[in-house]
Amino acid sequence: MKSGLLVLSMVACLSGCAMNPVSGKQDFVMMSESDEIALGKKSDIEVRKEYGVYDSPLLQDYVDKVGQRLAKNSHRPGLQYHFTVVDSPEVNAFALPGGYIYITRGILPYLDSEAELAAVLGHEIGHVTARHAVKQYTAATAAGIGVQIASIFVPEINTQAGYNLVNVTGSALLSGYGREHELEADRLGSAYLAKTGYDPHAMMDVLSILKEQEQFDIAQAKLEHREPRGYHGLFASHPDSDTRLQQVVGEASKLQAASHPVEGRRIYLEHINGIIFGDSPSQGVVRNNEFLHEKLDIAIQFPENWTIKNSPKQLVATNGDAVMSLSLVDAFQGNPSDYLLHRFGRGELTSFRSSGLEGALLFVSEKSAAGAIKMGDKLYVVRAAAKSSIAFSDARPGIEKTLHSFHPLTDIEKRLARGLRISVRKANPGDTYEAYASKSPLGKNALGYLRLLNHAYPDGEPHPGDAVKLVE
Ligand SMILES: [Zn+2]
């Protein structure tokens, strides 16, 4: 019996234990390093598909260079790291197992120096070196929900599982790991900053900026009926009053390699000058719940209280109980009615003309429908489904209205569909944020956004001769 137990525990350890690179202790994780890398590599393909990679080789190179320098000073210097700027307006950064690290272009305008960029990357490297994603994956596997993490980025919307997936995207890996893991990532990131020649207090600066941005954005999101764009590493209290955070950053200061730490403000601002702010015109932009796509020359208005989630793969809108998606069939010949009947089977079918375009709507079941509109050689397909037949009949007028709102862009919409960009300029004597805001395309929120972007929230003013980030 004794030897049997021994064999059992040896087997458990061979497949289940691995050295934690940070603590040097054995972790119970069901994954070897090569499995970890393989999982990261596989999920990387999904992340790139889901978000798209931001199209700027210069910026990608720069972010990678800063990241690689930090990684060399981390607890896993031998691991091959990959740093990618993804084309998302969200304010976030995240890490997959195996050294795959992503930063959104949406977070970059809020950062003000290379040291702050390094702080965000250092925090993510900390998640990788402490194997937080692997631990979470192991916990999820043990609980029988492991498959979801690996396939979280593949929403397939016309199934109940897909419906749940749409709701959970944004949680798990993207939303962070809980207080203890986040604090550990801050501690490790601060240490990597110090060893690479940056001031570890950049970690505090970043968290403070992002906290202010988050608070402002939560208020805006409420007004605009959308999801807030918060960063995953933030917790309820303001970083300035977070004593544990101050302590971990303070400890890292002792590791500081350089007496004159690198700030790198000028070089950082050069690299983000001209980057897209907010929605990407290549993926289509959303203004007041209207989706506008410059290249496709289309506009479609979703109901006021629905939340729109746009990815390169598809556009999804939901009110919590029902969901609509918009997709495209290229090189289409034929008519919308025939397409719907052929694709979705029999049901109550109506055809219509709207903005000069030919369209049709088919009720497939008591809780799902599909509509199609033909424009040129393209067919736009709107699919709708709800949790129950009651939820569907509540949503039905909104679904029909959305379908009928489809139209080619007007001149005003064409201008909006071009998207916005960050412009770095020198402040002149007498310049004020009020004056910048009055000329800004950001509308009524311009003053708050411009101050947040320039670390001048809530009441700072530009200093003559200093660089300022504007939105044009
Ligand atoms: Zn984190």
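Fair warning: this is a prediction, and the values are worked out from it, not measured in the lab. Per chain, the residues get numbers from 1 upward, laid out in the order the sequence is written. This being a predicted model, a pLDDT of at least 70 is required before a residue's local features are given, and a value of 80 or more before pairs of side-chain atoms are given or counted; all residues contribute to the totals for chains, interfaces and linings. In computing side-chain properties, one takes all heavy atoms of the structure into account and sets aside hydrogens as well as water.

**A closer look at the pattern of salt bridges**
Okay, step 1: The salt bridge definition used is simple: a Lys or Arg side-chain nitrogen within 4 Å of an Asp or Glu carboxyl oxygen. Counting across every chain of the model gives 21 salt bridges.
Okay, step 2: Taking the shortest distance from any N to any O, the salt bridge between D44 and R48 comes out at 3.1 Å. One end of the pair is D44 and the other is R48, both in helix α2 (residues 33-51) and four residues apart, which spans about a single turn.
Okay, step 3: Measuring nitrogen to oxygen at the nearest pair gives 2.7 Å for the salt bridge that ties E270 to R266. Of the two residues, E270 and R266 are both situated in helix α12 (residues 265-272); the distance of four residues between them amounts to about one turn of the helix.
Okay, step 4: Exposure categories follow from relative accessible area, calculated using a 1.4 Å probe and restricted to protein chains: below 20% of the type maximum is buried, above 50% is exposed, and the middle band is partly exposed. Judged by relative accessible area, E270 falls into the partly exposed class, the value being 48%.
Okay, step 5: Several salt bridges converge on common partners, so that one network encompasses E33, E36, R76 and R131. Secondary structure is summarised from DSSP: a helix means a run of H or I of at least four residues, a strand means a run of E of at least two, and numbering begins at the N terminus for each.

**A word on the pairing of strand β9 (residues 298-301)**
Okay, step 1: Pairing analysis gives four bridges linking strand β8 (residues 290-293) to β9, with the strands arranged antiparallel. Bridge pairing links L292 to A299 in β9.
Okay, step 2: Strand pairing is defined by DSSP finding a minimum of two bridges between the two strands. Joining the antiparallel neighbours β8 and β9 is a turn of four residues, in which D297 adopts a positive phi near 60 degrees.

**Digging into unusual backbone geometry**
Glycine aside, residues mostly have negative phi angles, and peptide bonds mostly take the trans form.
Okay, step 1: The omega angle of the peptide bond from Y457 to P458 is 5 degrees, so this bond is cis rather than trans.
Okay, step 2: For R131, which is not glycine, the phi dihedral falls at a positive 55 degrees.
Okay, step 3: Within the fold, R131 resides in the loop between α4 (114-129) and α5 (132-142).
Okay, step 4: A positive phi angle, close to 50 degrees, is found at S355, a residue other than glycine.

**Details of the sheet that holds β9**
Within a sheet, adjacent strands bond to each other through the backbone by hydrogen bonds, running parallel or antiparallel.
Okay, step 1: Taken together, three strands build an open sheet; the order of strands is β7-β8-β9 and the sheet is antiparallel. Each edge of the sheet is formed by a strand with only one pairing partner; in this case those strands are β7 (285-287) and β9. Strand-to-strand twist in this sheet, taken as the mean axis angle between neighbours without regard to direction, amounts to 20 degrees. Structural elements are reduced to axes, namely lines fitted to C-alpha atoms, with helices fitted over the stretch in contact, and the angle between N-to-C directions of any two is expressed from 0 to 180 degrees.

**Overview of the pairing of strand β15 (residues 368-375)**
Okay, step 1: Extensive coverage of β15 is indicated by the burial of seven of its eight residues.
Okay, step 2: In this sheet, β15 lies alongside strand β14 (residues 357-365) in antiparallel orientation, the contact comprising seven bridges. Opposite G359, over in β15, you have I373 as the bridge partner.
Okay, step 3: Relative to strand β16 (residues 378-386), β15 runs antiparallel, the two being bridged by eight bridges. Bridged to I373 within β16 is Y380.

**Remarks on the nonpolar core**
Okay, step 1: Counting residues in each nonpolar core, the largest one holds 70 residues, and the members touching the most others are L70, I103, L108, Y110, L117, L121 and F277.
Okay, step 2: Delimitation of the domains relies on an automatic or database domain assignment. Mapping this core onto the domain boundaries places at least three of its residues in each of domain 1 (40-277) and domain 3 (419-471). Working definition of a nonpolar core: buried Ala, Val, Leu, Ile, Met, Phe, Trp, Tyr and Cys residues. They are joined through side-chain atoms within 4.5 Å.

**Quick notes on the packing of aromatic side chains**
Okay, step 1: For this analysis, a ring pair means two rings from Phe, Tyr or Trp (six-membered ring only for Trp) whose centres lie within 6.5 Å, classed as stacked if their planes differ by under 30 degrees, edge-to-face if by over 60, and tilted for the remaining angles. One pass over the structure, following the stated rule, counts ten aromatic pairs.
Okay, step 2: Their ring planes at 70 degrees and their centres at 5.8 Å tell us that Y433 and Y436 sit as a pair that is edge-to-face. Here Y433 and its partner Y436 are both found in helix α16 (residues 433-438), three residues apart, which amounts to about one turn of the helix.
Okay, step 3: Accessibility expressed as a relative area gives 3% for Y433, which makes it buried.
Okay, step 4: By relative accessible area, which is 12% here, Y436 ends up buried.
Okay, step 5: Members of the aromatic cluster, connected to one another through ring pairs, are F216, F277, Y449 and Y457.
Okay, step 6: For R396, the ring lying beneath its charged end belongs to F363, and the centroid distance is 3.7 Å. Two conditions define a charge located above a ring, namely a distance within 6 Å from the ring centre to NZ of Lys or CZ of Arg, and an angle within 35 degrees of the ring normal.

**Re the sheet that holds strand β18 (residues 467-471)**
Okay, step 1: Ordered by their spatial adjacency, three strands build an open sheet running β6-β17-β18, and the pairing between neighbours is antiparallel. On the outer flanks of this sheet lie β6 (276-277) and β18, each paired with one strand and no other.
Okay, step 2: Contacts are residue-level and defined by heavy atoms, with any inter-residue pair within 4.5 Å sufficient. Along the sheet, α12 contacts β17 (420-426) and β18; its crossing angle with β18, the most-contacted strand, is approximately 20 degrees.

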